[in-house]
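Coordinates in review
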Amino acid sequence: MYAWIWRKLPFGLPGKLTGSVLLAAVTVTLLWFVVFPWAEPLLPFDDVQVTNPAGPGDPGAPGPLPGEGQTPTEDGHDLPYDTDENNPPPSPEE
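All values reported here derive from a predicted model rather than from experimental measurement.

So, on to the overall build of the chain. Scanning the chain for helices and strands turns up two helices and zero strands. Taking all 94 residues of the chain together, 9% fall into the buried category. Per element, the accessible surface of the chain, about 8,900 Å² overall, is 65% carbon and sulfur.

So this is what it looks like as structure tokens:
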């Protein structure tokens, strides 16, 4: 197929190179602005659901209960994880 397109492009080697670049640009533009926006709602990439099969607050569920181990930040928002746990210990001052 590509050989057929190459043979059909006019104006010798410069015309064939220019025509090839234009055909590639038109194809990418058509895919980017027409095909991908049309297909996006059909793809399952945004359908993410994270659930706890044991239910919220179940004592058998792994991890802390809601509100436990949360550290408020400077702006007053609660973090769902402990930030002190991941920090390296302070180095001794010399």
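Attention now goes to a nonpolar patch on the surface. A surface patch of nonpolar side chains, about 1,000 Å² in accessible area, is lined by Leu30, Leu31, Trp32, Phe33, Val34, Val35, Phe36, Trp38 and Leu42. The residue Leu31 is located in helix H2 (residues 12–39) in this model. By relative accessible area, Leu31 is classed as partly exposed at 33%.

Attention now moves to the environment of Leu23. Within the secondary structure layout, Leu23 lies in helix H2. When its relative accessible area of 41% is taken as the criterion, Leu23 is described as partly exposed. C-alpha of Leu23 to C-alpha of Ile5: the two residues are 18 residues apart in sequence and 9.9 Å apart in space. Apart from the residues within four sequence positions on either side, Leu23 is in contact with Ile5 and Leu9.

In this section: unusual backbone geometry. One non-glycine residue with positive phi stands out, namely Phe11, at about 70°. The topology assignment puts Phe11 in the loop between helix H1 (2–8) and H2. Overall, the relative accessible area of 73% leaves Phe11 in the exposed class.

This part takes up the side chain of Lys16. As for its position among the elements, Lys16 is in helix H2. At 38 Å, Glu40 is the nearest oppositely charged side chain to Lys16, a buried residue that forms no salt bridge. Here Trp6 takes part through its backbone oxygen, which lies 2.7 Å from a polar atom of the side chain of Lys16. Contact partners of Lys16, with chain neighbours within four places excluded, come to Trp6, Arg7, Leu9 and Pro10.

Moving on, we come to H2. With 28 residues, H2 ought to run about 40 Å at 1.5 Å a step, and its terminal C-alpha atoms sit 38 Å apart, in line with that. Roughly 40° is the biggest bend found in H2, and it falls at Leu31. Tucked inside the fold, the buried residues of H2 contact H1.

Here Leu9 lies in the loop between H1 and H2. For Leu9, a relative accessible area of 14% translates into the label buried. Leu9 sits ten residues away from Gly19 along the chain, and the two C-alpha atoms are 6.6 Å apart. In this structure Leu9 touches Lys16, Gly19, Ser20 and Leu23, once residues within four positions along its chain are discounted.

Reading guide: rules and limits
Residues numbered from 1 in each chain as written. Predicted model: local features only at pLDDT ≥ 70, side-chain atom pairs only at ≥ 80, totals over all residues. Heavy atoms only, no water. Helix = DSSP H or I, 4+ residues; strand = E, 2+ residues; numbered from the N terminus. Buried < 20%, exposed > 50% of the residue type's maximum accessible area, 1.4 Å probe, protein only. Areas by Shrake-Rupley, 256 points an atom, 1.4 Å probe, with all protein chains shown as cover. Patch = residues over 30% accessible without salt bridge, like charges linked within 9 Å, V, L, I, M, F, W, Y side chains within 5 Å. Salt bridge = Lys/Arg side-chain N within 4 Å of Asp/Glu carboxyl O. Contact = heavy atoms within 4.5 Å. Lys, Arg positive; Asp, Glu negative; His and termini not counted. Polar contact = N/O pair within 3.5 Å; in protein donor to acceptor, adjacent residues only side chain to side chain. Expected span 1.5 Å × (residues − 1). Bend = angle between axes of the 7 residues up to and from the residue.

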